[in-house]
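Below, each chain spelled out in residue letters.
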Amino acid sequence: MENDYIHITNWGLFGSIGFMLLVALVAFLAKLGITKSIFIGTIRSFLQLILMGYVLSFIFKANEWYYTVLIVLIMYVFAAWDSFKGIKFRPKNIFTNSFLAMFLGSIFPLIYMFYALMTVKPWFNPQYIIPISAMVISNTMSGISICLNHFGSNIKLRKLEVEAKLSLGANINQATEEIQKSSIKAGLIPTVNALMVLGIVKLPGMMTGQIIGGVDPVESVKYQLLIMYIISASTAVSLYILVKLIKSSIFNKRGQLL
Amino acid sequence: MSLKIENINLLYDKNMVLKNINIDFPLEKIHVLLGSSGAGKSSFLRLLNALSEPHSGSIKLGNMLYAETHPLEIRKRVGMVFQKPALFEGSVYENLIWGLKIQKKTINESEIRKKLISLDLPLEYLEKDIENLSVGEQQRVCIVRTLLVDPEIILFDEPVSALDPLNAYNVIELIKKINLEYKKTIFLVSHIVESAVEIADTISVFKQGEIVFYGSKEDYLSNYKE
């Protein structure tokens, strides 16, 4: 049964652009003002994925550790960069902070998963390292974006509360504790919600892909569970690190709001 | 002891918000700051509360030089009540003890009750959720909360601007009481000039970032002309 799946023809792929035209039509009719973004997003995703297909194909054949490491690092950099796009809140060092939070929050869970739970061999095996890292990084990035947005708007909305707390003798951690908590929560809720509906409403991408590829559904469930749990762990740790880093960057050395 | 302000200049977005402020404020008095909006009064209070830093000049409270002291230490001696009631989620009691917990100060409940009574806040308010209080009551809770951490100076930044005339008058009276009973130095910015001037010991008039008049209430009433 392996590899016995329906191949999508180039015409089939081309036809899928019709879906995006539908999105653009809705955006146009509802005057959402995002038609241009939808257009660019469609082109970008198309080109990026096609390119990624060729790159992965090359890396799989080359089978060298440095290609795997390079690709994973590039993913972190792009994810850090994209995490604050479209968000008005831009505290200083936002790129570095986002990168560090994502990297530190996910690298240890990934190492544990690859080498303790899955025993990937050779250690850089791109077939496993690249797609799984990509899933973890992209989901963590979504959490980071939501968290950043929440933190930024709350610092603005609750500035009085923060300053009142400072005024009562609170340090910057105590003054922003509530905002930190609600921001982590906001970033984590989609992941937690996804866990709740897993298997009932949602058959996640990886599992679907494996099933279509002919893998035994029970085997693909195991993979998916591992993925969902590692995404939860990476997102939670990354968000925790992020708010601690961001919190420091919105105050000066004397603990005054910038 | 005094609060000595020397050559203070404050820049905000390349605009001079405060220019060359030099005043030696005696402690345990009520200092009323007057002036139109944007004249620099609130910016001045923020400097005193170490919520922002001057561009140049120095502030000295007794022997404590602001520039050499961590803002956390400054704010233990100088508290602030803001224009809008800045209460936190929870009950009145939780709000009242917030600053005490942060500053690791212990105070027994009877002390809190005593302060509430002396400042005309009914005891049954303690368990009330802050959402269920009127704006005037919320502002009173803010005042008591600041008083409980026991700073030497309390800064009031337009504390009555959101209140109706009767509540505003009551809060001004409360401020006077705090000065008299608890010997706190008060800085009061208020747009209700008459009642603020009435309780003042000194008046400072701000105009475009400068203090164009500083003197006693009597001096202000007899000599100051716009």
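Calculation rules
- Residues numbered from 1 in each chain as written.
- Chains lettered and ligands numbered in written order.
- Predicted model: local features only at pLDDT ≥ 70, side-chain atom pairs only at ≥ 80, totals over all residues.
- Heavy atoms only, no water.
- Contact = heavy atoms within 4.5 Å.
- Buried area = accessible area lost by both parts, 1.4 Å probe.
- Salt bridge = Lys/Arg side-chain N within 4 Å of Asp/Glu carboxyl O.
- Polar contact = N/O pair within 3.5 Å; in protein donor to acceptor, adjacent residues only side chain to side chain.
- Helix = DSSP H or I, 4+ residues; strand = E, 2+ residues; numbered from the N terminus.
- Nonpolar A, V, L, I, M, F, W, Y, C, P; charged D, E, K, R; others polar.
- Core = buried A, V, L, I, M, F, W, Y, C linked by side-chain atoms within 4.5 Å.
- Buried < 20%, exposed > 50% of the residue type's maximum accessible area, 1.4 Å probe, protein only.
- Pairing = 2+ DSSP bridges.
- pLDDT = per-residue confidence, 0-100.

### Structural notes on the interface of chain A and chain B
Working step 1: Residue-level contacts link 16 residues of chain A with 29 residues of chain B.
Working step 2: Across the interface of chain A and chain B, roughly 1900 Å² is buried in total on both sides, 59% from carbon and sulfur atoms.
Working step 3: Where chain A packs against chain B, one counts two salt bridges.
Working step 4: Glu 53 of chain B serves as the salt-bridge partner of Arg 254 of chain A, at 2.9 Å between the closest nitrogen and oxygen.
Working step 5: The tally of links from chain A across to chain B stands at nine residue pairs in polar contact (both at pLDDT 80 or more).
Working step 6: By residue number, the principal contributor to the side of chain A that touches chain B is helix α7 (residues 159-167) of chain A, which donates eight residues.
Working step 7: Each residue belonging to the side of chain A that touches chain B can be placed in one class, and the counts come to five nonpolar, six polar and five charged.

### Focus on the pattern of salt bridges
Pairing is possible between side chains of opposite charge, provided their charged atoms come close.
Working step 1: Scanning the entire structure with this criterion turns up 14 salt bridges over all chains.
Working step 2: Arg 44 of chain A is the salt-bridge partner of Asp 82 of chain A, the closest N and O atoms lying 3.9 Å from each other. Remark: Arg 44 of chain A occurs in helix α3 (residues 35-62) and Asp 82 of chain A occurs in helix α4 (residues 65-83); sequence separation between them is 38 residues.
Working step 3: In this structure, Arg 46 of chain B and Glu 163 of chain A form a salt bridge, with 2.5 Å as the shortest nitrogen-oxygen distance. On the criterion of chain membership, the pair formed by Arg 46 of chain B in helix α1 (residues 41-48) and Glu 163 of chain A in helix α7 is interchain, its members lying in two chains.
Working step 4: The network of salt bridges with shared partners includes Arg 44, Asp 82 and Lys 85 of chain A.

### Some details on the nonpolar core
Among soluble globular proteins, nonpolar side chains are generally buried collectively.
Working step 1: Grouped together as the largest cluster of nonpolar side chains are 132 residues, with contacts concentrated most on Ile 132 of chain A together with Leu 3, Phe 44, Leu 48 and Phe 187 of chain B.
Working step 2: Per-element accounting of this core gives the leading share, 11 residues, to helix α6 (residues 126-157) of chain A.
Working step 3: Residues in contact with Leu 48 of chain B, not counting those within four places in the same chain, are Leu 3, Ile 5, Ile 59, Tyr 66, Ile 74, Val 78, Leu 155 and Phe 187 of chain B.

### Overview of the pairing of strand β4 (residues 56-61) of chain B
Residue and element names in this part refer to chain B.
Working step 1: The pairing of strand β1 (residues 2-12) with β4 spans five bridges and is antiparallel. Within β4, the residue paired with Leu 3 across the bridge is Leu 61.
Working step 2: When β4 meets strand β5 (residues 64-65), the two strands line up antiparallel, connected through two bridges. Of the residues in β5, the one forming a bridge with Leu 61 is Met 64.
Working step 3: Taken together, β4 and the strand that follows it, β5, pair antiparallel across an intervening segment of two residues, in which Gly 62 is found at a positive phi of about 60 degrees.

### Re the confidence of the model for chain A
Working step 1: Confidence in the prediction of chain A, expressed as mean pLDDT, is 91, and 98% of residues score 70 or more.
Working step 2: Looking at the elements of chain A, mean pLDDT is at its lowest for helix α9 (residues 205-212) of chain A, recorded as 83, and at its highest for helix α5 (residues 94-117) of chain A, recorded as 96.

### Points about the sheet that holds strand β2 (residues 15-26) of chain B
Working step 1: With respect to topology, four strands assemble into an open sheet ordered β2-β1-β4-β5 (chain B), the strand pairing being antiparallel. Here the strands that pair on one side only, and so sit at the sheet edges, are β2 and β5 of chain B.

### Quick notes on the environment of Arg 254 of chain A
Working step 1: Looking at where Arg 254 of chain A falls in the secondary structure, it is placed in the segment after α10 (217-249).
Working step 2: Measuring from C-alpha to C-alpha, the distance between Arg 254 of chain A and Ile 172 of chain A comes to 9.7 Å, with 82 residues separating the pair along the chain.
Working step 3: Among all residues touching Arg 254 of chain A, those that are not within four sequence positions of it are Glu 53, Tyr 66, Ala 67, Thr 69, His 70, Pro 71 and Ile 74 of chain B.
Working step 4: Within the structure, Arg 254 of chain A has its side chain in polar contact with the backbone oxygen of Thr 69 of chain B (distance 3.0 Å).

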